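Secondary and tertiary structure notes
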Amino acid sequence: MSILALRGRVVLPDSILEDAAVVCRDGRIAEVSKRLPRGVTAVECEGWIVPGFVDIHVHGGAGADYMDGTADAVRIANLAHLQRGTTTVFPTTTTGSPAQIERMLRACREVRDGWRKDSARIAGVHLYGPYFAETKVGCHSVDGRRDPTANEYEQYFKLGIVKIATCAAELPGATAFYRAARKRGCLITCGHSEATWADMDRGFHAGMRHVDHFWCAMSSVPSLRARHGTPMQASMAEFVLANPDMSTEVIADGQHLSKELLEFAYRMKGAKRLCLVTDANRAMAMPAGRYRFGPAEDGAWFESNGKVGFVPGSGLASSVVGLETMVRNMKKMTSATLPEVVRMASLTPAERAGVALEIGSIEPGKFADLAVIDARMRVKRVFLEGEEVRRG
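Let me begin by describing the structure that accompanies this report.

Basis of the calculations
- Residues numbered from 1 in each chain as written.
- Predicted model: local features only at pLDDT ≥ 70, side-chain atom pairs only at ≥ 80, totals over all residues.
- Heavy atoms only, no water.
- Phe/Tyr/Trp six-rings, centres within 6.5 Å; stacked < 30°, edge-to-face > 60°.
- Helix = DSSP H or I, 4+ residues; strand = E, 2+ residues; numbered from the N terminus.
- Buried < 20%, exposed > 50% of the residue type's maximum accessible area, 1.4 Å probe, protein only.
- Lys NZ or Arg CZ within 6 Å of the ring centre and 35° of its normal.
- Salt bridge = Lys/Arg side-chain N within 4 Å of Asp/Glu carboxyl O.
- Disulfide = S-S within 2.5 Å.

Details of the packing of aromatic side chains
- Counted under the stated rule, the structure contains 13 aromatic pairs.
- Pairing Y153 with F177 gives two aromatic rings, centres 5.1 Å apart and planes at 85°, and the pair type is edge-to-face. You can see Y153 sitting in helix α3 (residues 150-158) and its partner F177 sitting in helix α4 (residues 174-183), a full 24 residues away along the chain. Across this residue pair, the class does not change: Y153 and F177 are buried.
- One aromatic cluster is present, built from ring pairs that chain together Y131, Y153, F157, F177 and Y178.
- Over the aromatic face of W48 sits the side chain of R9, whose NZ or CZ is 4.3 Å from the ring centroid.
- Directly above the ring of W301 sits R290, whose terminal nitrogen or CZ lies 4.2 Å from the centroid.

Right, dumping it as structure tokens:
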């Protein structure tokens, strides 16, 4: 029997337990209490003990994109995120050909099935591209965008690894896609979309409950007016803010959204319906330079300045930092408490993705996935199923 005990300030979903011990046995949390069991010595931790982070929207890191479609690329990206406190990931597709997407799904399944705690755990894949609105492709390759067809997406679902499924709600076939994803227990999302309230409502009744990276590549009242004229139409933003069952996510890298927008999102949705995500690309943990977004062979080019990805003369191209940075910024830039900020990066995404029985919070019975953060909100130590991860 392997035993690990950490003592310090333990961040729970709604409070901080001062001078407490987290006792882990055989890879799972056994107890959280003020007293240690007899014969157990605790490792004293400065700062806070938090649950390992959970990223439901992430494309890569350390030079690798999941769409490269190899087990090596998947492990490289997963390790880069693990070293920054993210213990569970949902590798995320971009636009691309059916063969490229299936290649990525199979590579992620291979790594998941052969996992040896050598990188972040894969809890499922986020099927994100290719079902985007043509006008909202963003930094993704437009050539790989298309409307959903059952012949294509059923092949992806049959692989048994898709756990989050995105489609622009206004596309032909979107409702059928949502119903197929709901049948398989996926978190169903709308992203890269010009959806109206009516489109969103139709999607909601088919099972859609989440919107990807709020304010990024999504419809707005002005964009819908340009397409539909008057009377002006309510957009994705209004639907999400008005519906308490809808969740969303923000990229809190300090580059995509201002502190006022982060505060607004927190106040409107709260910590139980707002997730922190990285949307990180292969340039995370890499020097500034030029990179491909998506498959290495033909993904769209973008540049990184070390702070954010961007397409010169166009717009941003996802983030280049980990969830550690998102947590730090959200705490600094908003009125959210530390337990709320940590929840947004752990328990809330775990709940929305349907994996909270095993991960996402420091509770007995869950995997002992933990991180220790210091007073500056920087990750100092990471534990995966009770074993410390070598960092550097």
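Here's the deal with the pattern of salt bridges
- Counting across every chain of the model gives 22 salt bridges.
- In this structure, R75 engages D72 in a salt bridge whose closest nitrogen and oxygen atoms are separated by 3.7 Å. You can see R75 and its partner D72 sitting in helix α1 (residues 71-82), three residues apart, about one turn around the helix.
- We classify R75 as partly exposed; its relative accessible area is 30%.
- A residue is classified by how much of its surface remains accessible, and D72, at 54% relative accessible area, is exposed.
- The salt bridge involving R145 is made with D147; its shortest N-O contact spans 3.1 Å.
- We classify R145 as buried; its relative accessible area is 18%.
- Each of K117, R121, D369, E385 and E387 takes part in a single network of salt bridges with overlapping partners.

Describing the state of the cysteines
- One pass over the full model with this rule turns up zero disulfides.
- Looking at C167, it has no disulfide partner, and the nearest cysteine sulfur is the one in C190, 7.6 Å off.
- Given the relative accessible area of 0%, C167 is considered buried.
- Free cysteine C186: the closest other cysteine sulfur is in C167, separated by 13 Å.
- Taking relative accessible area as the criterion, C186 reaches 10% and is therefore assigned buried.

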